[in-house]
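Listed here are the chains, written in short residue letters.
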Amino acid sequence: MVIKLLSFLQKQVTVSLTKRKPYLQWRSLSYTIDYPSMDHTLASVHLISSNPCFALLGFCKNIDSLKKVHALFIINGLKGDLLCDTKLVSLYGSFGHVGYARSMFDRIPDPDFYSWKVMIRWYFLNDLYKEIIGFYARMSVRTCDNVVFSVVLKACSELRDIDQGRKMHCQIVKVANPDSFVQTGLVDMYAKCGEIECSRKVFSEILYGNVVSWTSMIAGYVQNNCAKEALVLFNRMREAMVESNQFTLGSLVTACGKLGALHQGKWVHGYVIKNGIELNSYLVTAILDLYVKCGSIRDACSVFETLSSVDLVSWTAMIVGYSQSGFPDEALKLFVDKKRFGISPNAITIASLLSACAQLSNLSFGRLVHALGIQLGLKDPTVINALVDMYAKCGMIRDARYIFETVSDKNLIAWNSIIYGYSQNGSAYEALELFHEMRSKSVSPDAVTLVSVFSACASLGALQVGSSLHAYSIKNGLLTSSVYVGTALLNFYAKCGDSKSARVIFDSMGDKNTVTWSAMIGGYGIQGDSNGSLALFNDMVRENLEPNEIIFTTILSACSHTGRLGEGWKYFNSMCQDYKFVPSMKHYVCMVDMLARAGRLEEALDFIDKLPIQPDLSLFGAFLHGCGLHSRFDLGEVAIKKMLDLHPDKACYYVLISNLYALDGRWTQVNQVRELMKQRGLSKVPGCSISQRDTNKDLSFSRVACLA
């Protein structure tokens, strides 16, 4: 059709060129003469209808037809028509070829304000914010209107370009007639650039604020960690009788989540339901995030289940919620739910799934998620870091290291993930080596790094490195920034035998959690100071802090090693009855060890027989140790029979039997046990000396310490 029109209109186009000069003069006058609105409209219609070139461009429905028409204009020397050239710029932009549009614009000899406005509009619609700033700086026509101001302010907001934003503000003030959209753009620009006071000042100058301006100010407060101010402003908004929209309420819910204000958040949720406000992706995500952050995962699940349609955003938000709230199994179940098939995960979804697999040590599922990420081409740093963390926590430290080494630009999170992985997988030296490498590349550690490195130092007894890190944490304000750093440092000194330094750290900590108390109580226990452990435990109870299972294990162990049988029973019964804990194997081992050390071996054996769970190696080991101490080998043989009945194919139990016979000097039986192990193909895993292994490592503690 275009070809036919080309041949039909070619002659008319040639004729129109002879009249182009008056036409151009007429169009230019239309921008300077103040026509009445109706006359101006009629004149514009007449100009367009009398211009066959412009009419021909109206038939271009795709880029190919546009190029053909444009080529016809060039071949026939049809150029210099401002209206047609501007239309070409607009059409190239509408077909997604912004580069062609700009090239066309640059060929216009003397573009007017409308031409500039068309070009800047296509930059805006394609999110080319840098180009908007540069293009605006070149505008030769300075009679800008509020639309251009709004577009440029939006670009400044997205680029966080406060300098250009301030320049725009000055130009807007000179015009002295900004509308509410421009003023709202200023509010948004200052808020996104972190200048919340400037944002508030501009907002106060808006005479007739609408829902957009109020929402921009509320969102600005939330983005700048002024959640309380956002809630106060919402009350003012209601007093001004301005109705809120989905984005207003979404910002409010986010503010409640940051404050941990579950009650206020539920009020906003109720307001949404009561007023029949439709839940868009932004509002749904904010509500789910609120309930997750406030620990109300059931409410989050309830909201998710009532959604009429689930999109990627809400689905991912729920998976993130499960993963971060200690329900990793539910995150994986939601991911494989058949009702959600058809939703393709993004980088955040994959990273959250990998985090869930890491928490569950589910290597097989983690590998499947890894493969899916590769298939979808997700190479986001968040996904890479989650992969390193997942493989490390699943004990596959080599795989974690391989992925880590493939990252060209390693950020702090990647370093933290791999250092933590080595620290928790019994490779403390490698963790310190990586820390040394990280510091040599001028990457500064944060609180998470120090926790991992302190743990590695504690495993090695590396007092020099740990002390240097202690000084570093004080110098950089990291010690007081996180309770976890203080707890890790306390634990480091305790494990290095310096309980006095550990107590100094403990007493200097403003905030203490249960883990902090547990570390200090355990520190006294390591040094055999049962009095210190019990006194600190009583202090903890007096401060109305509930002890956890680890603390009870420490207390029972302290009672066991100091022969405090009566107190041990008291704490064990208190754990079960007062705090409603179900005893774990570690608690049972402590009780058996306590009874066995005290010579109450018959009572200990009866305790074992009545256990609700199957006894393991550590429990029988504690009992046999008591039999050796008190030369009750007869009871030891009774325990041996029970062990062999339960675990006939585990070498570790045969080793216990052999050791018991050796204590009694019954070497014939020792040899018989060893021969029996050979016949059954059982072998003991050889022990290793960490000091012997360490001597082969090329790591200078002073080298690491000097980088701390």
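An account of the accompanying structure is given in this report.

Rules used throughout
Residues numbered from 1 in each chain as written. Predicted model: local features only at pLDDT ≥ 70, side-chain atom pairs only at ≥ 80, totals over all residues. Heavy atoms only, no water. Helix = DSSP H or I, 4+ residues; strand = E, 2+ residues; numbered from the N terminus. Contact = heavy atoms within 4.5 Å. Areas by Shrake-Rupley, 256 points an atom, 1.4 Å probe, with all protein chains shown as cover. 1 Å grid on protein atoms, 1.4 Å probe; cavity = no way out; pocket = protein on both sides within 12 Å on 5 of 7 lines; lining within 4 Å. Points joined across faces, edges and corners; volume = space filled by probe spheres on them. Nonpolar A, V, L, I, M, F, W, Y, C, P; charged D, E, K, R; others polar. Salt bridge = Lys/Arg side-chain N within 4 Å of Asp/Glu carboxyl O. Buried < 20%, exposed > 50% of the residue type's maximum accessible area, 1.4 Å probe, protein only. Axes fitted to C-alpha atoms, helices over the stretch in contact; angles between N-to-C directions. Parallel < 35°, antiparallel > 145°, perpendicular 65-115°, else oblique. Left-handed = near helix turned anticlockwise from the far one by under 90°.

Regarding the overall build of the protein
Link 1 in the chain: Each helix and strand counted, the protein has 43 helices and zero strands in total.
Link 2 in the chain: Taking the contacts inside the protein whose residues are at least 6 apart along the sequence as the reference set, 62% of them involve residues at least 24 apart.
Link 3 in the chain: Split by element, the accessible area of the protein, about 36200 Å² in all, is 54% carbon and sulfur.

Some thoughts on the layout of surface pockets
Link 1 in the chain: By volume, the largest pocket amounts to about 910 Å³.
Link 2 in the chain: Taken together, 35 residues make up the lining of the largest pocket; nearest its centre are Asn491, Lys495, Ser518, Ala519 and Ile550.
Link 3 in the chain: Of all elements in the fold, only helix 26 (412–424), helix 28 (447–460), helix 30 (483–495), helix 32 (514–526), helix 34 (549–561) and helix 36 (585–597) reach the threshold of two or more residues within the lining of the largest pocket.
Link 4 in the chain: Residue classes in the lining of the largest pocket are distributed as twelve nonpolar, 20 polar and three charged.

Quick word on the pattern of salt bridges
Once the charged atoms of two side chains with opposite charge are near each other, the side chains can pair.
Link 1 in the chain: Throughout the structure, instances matching the rule amount to 21 salt bridges.
Link 2 in the chain: Where Lys154 meets Glu158, a salt bridge forms, and the shortest distance between an N and an O atom there is 2.9 Å. Note that Lys154 and Glu158 are positioned in helix 10 (residues 146–159) at a spacing of four residues, about one turn of the helix.
Link 3 in the chain: Its salt-bridge partner being Glu405, residue Arg401 comes within 2.8 Å of it at the nearest N-O pair. With Arg401 and Glu405 both in helix 25 (residues 397–406) and four residues apart, this pair spans about one turn of that helix.
Link 4 in the chain: Looking at Glu405, the relative accessible area reads 40%, which means it is partly exposed.
Link 5 in the chain: Among the charged side chains, a salt-bridge network with shared partners connects Lys154, Glu158, Asp188 and Lys192.

With respect to the environment of Ile132
Link 1 in the chain: Locating Ile132 in the fold gives a position in helix 9 (residues 129–138).
Link 2 in the chain: Given the relative accessible area of 0%, Ile132 is considered buried.
Link 3 in the chain: With 22 residues separating them in the primary sequence, Ile132 and Lys154 have C-alpha atoms 9.6 Å apart.
Link 4 in the chain: What Ile132 contacts, discounting residues up to four positions off in sequence, is Ile120, Tyr123, Phe124, Val151, Val152 and Ala155.

Digging into the environment of Phe537
Link 1 in the chain: Within the secondary structure, Phe537 sits in helix 33 (residues 530–542).
Link 2 in the chain: When the C-alpha atoms of Phe537 and Ile551 are compared, they prove to be 8.2 Å apart, with 14 residues separating the residues in sequence.
Link 3 in the chain: Discounting chain neighbours no more than four positions away, the residues touching Phe537 are Ile521, Pro547, Ile551, Phe552, Ile555 and Tyr571.

Let's talk about the packing of helix 7 (residues 98–106) against helix 8 (residues 113–125)
Link 1 in the chain: At their nearest, the axes of helix 7 and helix 8 sit 10 Å apart, and the two run at 160 degrees to each other. As far as their axial angle goes, helix 8 and helix 7 are roughly antiparallel. Crossing geometry of helix 7 relative to helix 8 is assigned as left-handed. Contacts between helix 7 and helix 8 involve Val98, Ala101, Arg102 and Phe105 from the former and Ser115, Trp116, Met119, Trp122 and Tyr123 from the latter.
Link 2 in the chain: The residue makeup of the contact of helix 7 with helix 8, split by class, is seven nonpolar, one polar and one charged.

With respect to the environment of Ala386
Link 1 in the chain: Position of Ala386 relative to the elements: it lies in helix 24 (residues 381–393).
Link 2 in the chain: Judged by its relative accessible area of 12%, Ala386 falls in the buried class.
Link 3 in the chain: Along the chain, Ala386 and Ile348 lie 38 residues apart, while their C-alpha atoms are 10.0 Å from each other.
Link 4 in the chain: Filtering out sequence-adjacent residues up to four positions away, Ala386 remains in contact with Ala351 and Leu354.

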